[in-house]
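# Working through the structure, step by step
The residues making up each chain are set out below.
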Amino acid sequence: MTKLHLRQSTRSIYLGLACLSLTLHLLLALFCLSVLQTACVLPTSSSSSSSSSSVPRTDTQRHQAISSSSSSSAASSSSSHEPPTVPQEEEHHKPNAKTSHPEGRDSPNDDATVKEKKATGVGKVIPRVKGHSKLEVLFEHPLYNLPRPELQDDDWLLRVKTDERARDTGSEEEEGEEAINSDSQWQSASQEEGYDKVDWTSDMETHPPWLRFHLGISRWELYNRKDPNLAGLTRYLATQRILGAVQKTGGTQLKLLMSFPNYGQALLKPMKQSRDAETDGNLFYFSDFERHNAEIAAFHLDRLLGFNRVPPVVGRLINVTSEVREITTDHKLSRTFFTSPVGNVCFYGQCEYYCSLEHPVCGQPHALEVSLAAMLPDLTLAPRRSWRSPWRRSYSRTKLAQWEKDPAYCDKVKQTPPYNHGTRLVDLIDMAILDFLMSNMDRHHYETFEKFGNETFLLHLDNGRAFGRHSRDEPTILTPLKQCCRIRRSTLLRLRLLSLPAVRLSDVMRESLVQDPLAATAPLLSEPHLSALDRRLAAVLQVVQTCQRQHREIIYDDLEGYDEDFNQQPD
């Protein structure tokens, strides 16, 4: 009897413990469910839509977004205490788990990666000035909206010949060209060679972006910053199907000439070293690598300075196998392809420097970062003249150039054509300032379009050796400014404007570079390079101040006659 009661009491204890355990588990489950529901609240529709765009937008898209948001700005002004929303340009600059890493790769989560992103500026929010980006503030300033003189026919590099002009100035040769340019002839060629069918007329709407770019070149600038075709041209370079690839002759390092189905072409420079790599201080300037991101950054910097003399350049990720190796007709180039020990497709081409098995260009395993620059019109249509720079370096390990030994060297230059007349000297000093800001010591020649004679701008070509060092400045690049003590008024005012905190050169440069397609993976210029821009800009202004103390007149006033107050500062 005693055993029976003991057995019943034990069973009751077990049953009670089981009920208590079940109750505790139910309470724990309810608590976890409430926590999960709180953590998984979906964002609002506005925030989700703003973060969905991770592709860098073109200038045209940016201006459309600005215009579309202007109508809503008045309604939002009444609630000025509300925090400003982040625009899409800032939003896509932030790291995104879905877009920052290629498919099939693991996202880095360790502390080292976080520190690296902070050092390089990935995810850095673009500074705003009263609701506007600094880049918008800069381009809205009067210095970037100067009235332009009306261009005459001889101020354009190329013009489309209308039927009436062709009949008035017609010749047997021109009649033959008209016959060749008939639709039937072009259609036959496109079918045979894989090019698109061409149906161009005198109407610009029928022209591809590269042809519009050529027809927009004038006596005073390579392109108009406000031209809507500029955005279309960069988008075209970044997305157009590649039809052919051959190695371009000339120069010292590897370059490819890429062809597109609509008869356009672009100059390709491949990625040779990582973007944040700094040139070895023991290397001479003439033995440095050319960098694809330097070409891209030079285009953006030239535009920010208001020069508009570097052909448009855009970054692109190409497939080395399908977009070069399998389509090239260059047998010398194709023979240099090989597969590396780790399985990457590589090639090295033929050139003077770094075209060897020891210095290959390699994909990862097929993907390769490159820069694509819009080609200038063919030399048969628009001949160019090459000028030896008076401040050309000796390109020797031991010899010095004459300007390095003679402090009064500029006095001789001023007496030598074409520097003794017109704007050629201040044009050259503009180019020296650009080169100093990006630390480009490789400016031995420059070019101009022959049609315009000496009354025209200088082409700022071949900038691949820029942005090599950020820790050291090269003051000798500014020698033309130091020796001649001459500068355009518009250039000086823009430099002063870019030194102000409201715009700041490094900030607008960072914001401008974000628009390039390659910026979606990593900044095109590291933060040390951007900081070096501000440091070098201050050095340029210091040289100008020194000249002003030593000389009475150093300003070439190209703003004479304008009523605008160009000294006004942005709010």
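Everything discussed here concerns the structure shown above.
In this text the structure is predicted, and so the values were computed from the model without any measurement.

### Some details on the overall build of the protein chain
- From N to C terminus, the protein chain includes 21 helices and 14 strands.
- Here the protein chain, with 571 residues, has 44% of them falling under the buried criterion.
- The contacts of the protein chain with a sequence gap of at least 6 include a subset with a gap of at least 24, amounting to 74%.
- Taken as a whole, the protein chain presents about 30,900 Å² of accessible surface, with 53% of it coming from carbon and sulfur.

### A few points about the pattern of salt bridges
- Applying the stated criterion to the full structure yields 24 salt bridges.
- Between Glu-221 and Arg-148 there is a salt bridge, with its nearest N and O atoms 2.7 Å apart. Remark: Arg-148 occurs in the loop between α6 (134-140) and α7 (163-168) and Glu-221 occurs in the loop between α10 (209-215) and α11 (229-239); sequence separation between them is 73 residues.
- Notably, a salt bridge pairs Arg-384 with Glu-447, separated by 2.5 Å at the nearest N-O pair. A residue pair is termed long-range when its members are at least 10 positions apart, and Arg-384 in strand β11 (residues 384-388) and Glu-447 in strand β12 (residues 445-449) qualify at 63 residues.
- In the salt-bridge network here, residues are joined through shared partners; they are Lys-134, Arg-504, Asp-507, Arg-510 and Glu-527.

### Description of the sheet that holds strand β7 (residues 338-339)
- Taken in spatial order, the three strands line up as β7-β8-β9 in an open sheet, and their pairing is antiparallel. Among the strands making up the open sheet, the edge pair consists of β7 and β9 (361-362).
- When β7 meets strand β8 (residues 345-347), the two strands line up antiparallel, connected through two bridges. Along β8, the bridge assignment pairs Thr-339 with Val-345.

### Re the nonpolar core
- Counting residues in hydrophobic clusters, the biggest one holds 112 residues, and the most contacted among them are Leu-301, Phe-449, Phe-467 and Met-509.
- Not counting residues within four places of it along the chain, the set of residues in contact with Met-509 comprises Ala-297, His-300, Leu-301, Leu-304, Phe-467, Leu-525, Leu-530 and Leu-533.

### Describing the sheet that holds strand β6 (residues 313-319)
- Taking strand neighbours across the sheet as the criterion, the five strands line up as β3-β4-β5-β10-β6 in an open arrangement whose pairing is antiparallel. Sheet topology places β3 (244-247) and β6 at the edges, where each strand pairs with a single neighbour. Sheet twist, expressed as the average angle between the axes of neighbouring strands with direction ignored, equals 35°.
- Judged from the four bridges that link them, β3 and strand β4 (residues 256-259) form a sheet pairing that is antiparallel. Within β4, the position partnered with Gln-247 by the bridge is Leu-256.

### Looking at unusual backbone geometry
- Backbone torsion omega between Gln-364 and Pro-365 reads -15°, so that peptide bond is classified as cis.
- In this structure, Pro-365 sits in the loop between β9 and β10 (367-374).
- In this structure, the amide linkage connecting Pro-417 to the following residue, Pro-418, adopts the cis form with an omega of 0°.
- Within the secondary structure, Pro-418 sits in the loop between α16 (409-414) and α17 (424-437).
- In the Ramachandran plot, Asn-308 falls in the positive-phi region, its phi being about 60° despite a non-glycine side chain.
- The exposure class assigned to Asn-308 is buried, which follows from its relative accessible area of 5%.
- Phi at Asp-462 is positive, roughly 60°, even though this residue is not glycine.
- One can find Asp-462 in the loop between β12 and α18 (479-484).
- Here Asp-462 falls in the partly exposed class, since its relative accessible area comes to 37%.

### Considering the state of the cysteines
- The full count for this structure, using the stated rule, is four disulfides.
- In this model, Cys-346 is linked to Cys-362 through a disulfide, with the two sulfur atoms separated by 2.0 Å. Between Cys-346 and Cys-362 the disulfide shows an S-S torsion of about 110°. By sign, it is right-handed. Remark: Cys-362 occurs in strand β9 and Cys-346 occurs in strand β8; sequence separation between them is 16 residues.
- By relative accessible area, which is 0% here, Cys-346 ends up buried.
- According to the relative accessible area criterion, Cys-362 is partly exposed, its value standing at 25%.
- Through a disulfide, Cys-485 is tied to Cys-547; the S-S separation comes to 2.2 Å.

### As for the side chain of Asp-435
- With respect to the helices and strands, Asp-435 occurs in helix α17.
- For Asp-435, a relative accessible area of 3% corresponds to the buried category.
- When near neighbours in sequence (up to four residues on either side) are disregarded, Asp-435 contacts Asn-440, Arg-443 and Ile-477.

### Some thoughts on the packing of α17 against helix α21 (residues 527-550)
- In the contact formed by α17 and α21, the axes pass within 9 Å of each other and the chain directions differ by 145°. Contact residues: α17 offers Ile-433, Phe-436 and Leu-437, while α21 offers Leu-533, Arg-536, Leu-537, Ala-539 and Val-540.
- When its residues are assigned to classes, the contact of α17 with α21 shows seven nonpolar, no polar and one charged.

Thresholds, definitions, all that
Residues numbered from 1 in each chain as written. Predicted model: local features only at pLDDT ≥ 70, side-chain atom pairs only at ≥ 80, totals over all residues. Heavy atoms only, no water. Helix = DSSP H or I, 4+ residues; strand = E, 2+ residues; numbered from the N terminus. Buried < 20%, exposed > 50% of the residue type's maximum accessible area, 1.4 Å probe, protein only. Contact = heavy atoms within 4.5 Å. Areas by Shrake-Rupley, 256 points an atom, 1.4 Å probe, with all protein chains shown as cover. Salt bridge = Lys/Arg side-chain N within 4 Å of Asp/Glu carboxyl O. Pairing = 2+ DSSP bridges. Core = buried A, V, L, I, M, F, W, Y, C linked by side-chain atoms within 4.5 Å. Axes fitted to C-alpha atoms, helices over the stretch in contact; angles between N-to-C directions. Disulfide = S-S within 2.5 Å. Nonpolar A, V, L, I, M, F, W, Y, C, P; charged D, E, K, R; others polar.

Limitation: the analysis is restricted to geometry and does not speak to function.
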